[in-house]
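The lines below spell out each chain.
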Amino acid sequence: MNDEPVIARIRLNPHSRDVQRDLRDATEMHRTVMRMVPDGLGNSPRHQAGLLYRLDETDTTSTLLVQAHRLDPDRLPAGYGQADIKSLGPMFTALRKGLAVRYRIVLNPAKRARLPLETRGKRGRIVPLSGAEADQWWLRRASDAGLQLHILTPTNMPPIRPRRQDSDGMRHSLVRYDGTATVTDPDALHMAVLAGIGRGKPYGAGLLSLAPAPAA
């Protein structure tokens, strides 16, 4: 596969029944975006494909961003939407320490609950974070990813609970963050964009978008 991934920006057709279904059901949306990656990727096809996606919605449009090593929009359902694809290589080339950027990411901030000492060896359940706790979680993750945040504006997104329940019935709480930052470690940031950040990647979380910040 290519060394650098590509990203598809798909303006969804609101009249498509497939689109309407996917907007109601995150599991179906994941199945649809997986159609765009090559077949035969083994037991962890999403991971092998490097697939991440995010839904950006306004009052009038819905745009699906899909990132992977290789994408074929012709494999989407007929009439699903208009897709434009570009390489992320130029963005990675432009990354340098001290670069001011704008960012957007949808995250599933969460932590693992601590268990009493007598339950040593067992793992606590995953607990969603919100408010100031979620903001601090993103500040830490951003720092690890090579970004010093200056502005972080949270927007609570509708929670995701797949139609076919997970074994624990877990609900995935999503928060979108928009803001500005300075690149502190280009290599770490490169890896974070490739791998995504946090949990909930099959449900539209983790894809980090970057753009140059306008000059002050």
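The following paragraphs examine the structure supplied in this document. Values in this document were obtained by computation on a predicted structure and should not be read as measured data.

Some details on the side chain of Asp 178
Part 1 of the argument: Looking at the secondary structure, you find Asp 178 in strand 9 (residues 175–183).
Part 2 of the argument: Separated by 2.8 Å, the side chains of Asp 178 and Arg 176 make a polar contact.
Part 3 of the argument: In this structure, Asp 178 is in contact with Tyr 103, Arg 104, Ile 151, Leu 152 and Thr 153, ignoring residues within four places of it in sequence.

Notes on the pairing of strand 2 (residues 52–57)
Looking along a regular strand, one sees side chains alternate from face to face of the sheet.
Part 1 of the argument: With six bridges connecting them, strand 2 and strand 3 (residues 62–68) associate as antiparallel partners. If you follow Arg 54 over to strand 3, its bridge partner there is Leu 65.
Part 2 of the argument: Taken together, strand 2 and the strand that follows it, strand 3, pair antiparallel across an intervening segment of four residues.

Re the nonpolar core
Part 1 of the argument: Of all hydrophobic cores here, the largest spans 31 residues; its most connected members are Trp 138, Leu 147, Ile 197, Leu 208 and Leu 210.
Part 2 of the argument: Mapped onto this core, the elements with two or more residues apiece are helix 4 (89–94), strand 5 (100–107), helix 5 (131–144), strand 8 (147–156), strand 9, helix 6 (186–195) and strand 10 (208–212).
Part 3 of the argument: Not counting the four nearest positions on each side in its chain, Ile 197 is found in contact with Ile 105, Leu 107, Trp 137, Trp 138, Arg 141, Ala 145, Ala 192, Gly 206 and Leu 208.
Part 4 of the argument: Of all hydrophobic cores here, the second largest spans 20 residues; its members include Ala 8, Met 34, Met 36 and Leu 51.

Here's the deal with the pattern of salt bridges
Part 1 of the argument: Scanning all chains against the criterion turns up ten salt bridges.
Part 2 of the argument: As a salt-bridge pair, Arg 21 and Asp 22 come within 2.9 Å of each other at their nearest N and O atoms.
Part 3 of the argument: A residue is classified by how much of its surface remains accessible, and Arg 21, at 26% relative accessible area, is partly exposed.
Part 4 of the argument: On the basis of relative accessible area, Asp 22 is assigned to the buried category, the value being 2%.
Part 5 of the argument: A salt bridge links Arg 104 to Asp 178; the nearest nitrogen and oxygen atoms lie 2.5 Å apart. Taken together, the residues span a long stretch of sequence, with Arg 104 in strand 5 and Asp 178 in strand 9 at a distance of 74 residues.
Part 6 of the argument: By relative accessible area, which is 16% here, Asp 178 ends up buried.
Part 7 of the argument: One network of salt bridges, with partners in common, ties together Asp 18, Arg 21, Asp 22, Glu 28 and Arg 31.

Description of helix 6
Part 1 of the argument: Buried residues of helix 6: Ala 188, Leu 189, Ala 192 and Val 193, and no others. Seen from one end, helix 6 has its buried residues packed into an arc of 135°, which puts them on one side. Counted as exposed and oriented over 90 degrees from the buried face of helix 6: Asp 187 and Met 191.
Part 2 of the argument: If you check the start of helix 6, you find a side-chain oxygen 3.2 Å away from the backbone N of Asp 187, and it comes from Asp 185.
Part 3 of the argument: Gly 196, located one to two residues past helix 6, shows a positive phi value of around 80°.

Re the environment of Leu 129
Part 1 of the argument: Along the chain, the position of Leu 129 falls in the loop between strand 7 (126–128) and helix 5.
Part 2 of the argument: On the accessibility criterion, Leu 129 (7% relative accessible area) is buried.
Part 3 of the argument: Remark: the alpha-carbon pair of Leu 129 and Val 175, spanning 46 residues in sequence, is separated by 9.6 Å.
Part 4 of the argument: In this structure Leu 129 touches Pro 109, Ala 110, Lys 111, Ala 134 and Trp 137, once residues within four positions along its chain are discounted.

Calculation criteria
- Numbering of residues starts from 1 in each chain and follows the order in which that chain's sequence is written.
- Only residues with pLDDT of at least 70 get local features here, since the model is predicted, and only at 80 or more are side-chain atom pairs given and counted; chain-wide, interface and lining totals rely on the full set of residues.
- Only hydrogens and water are set aside; all other atoms, that is, all heavy atoms of the structure, feed into the side-chain values.
- In DSSP terms, a helix is any run of H or I states spanning at least four residues, a strand is any run of E spanning at least two, and both are numbered starting from the N terminus.
- Any pair of nitrogen or oxygen atoms within 3.5 Å is treated as a polar contact; in protein, a donor-acceptor pairing is required on top of that, and neighbouring residues in sequence qualify only through side-chain atoms on both sides.
- We call two residues in contact whenever any of their non-hydrogen atoms come within 4.5 Å of each other.
- Here, a strand pair is defined by DSSP locating no fewer than two bridges between the strands.
- In this text, buried Ala, Val, Leu, Ile, Met, Phe, Trp, Tyr and Cys residues form a nonpolar core when linked through side-chain atoms within 4.5 Å.
- For each residue, the accessible area found with a 1.4 Å probe, counting protein chains only, is set against the maximum for its type, and the residue is called buried under 20%, exposed over 50%, and partly exposed in between.
- What counts as a salt bridge is simple: a side-chain nitrogen of Lys or Arg found within 4 Å of a carboxyl oxygen of Asp or Glu.
- This arc describes the spread of directions from the helix axis toward the C-beta atoms.

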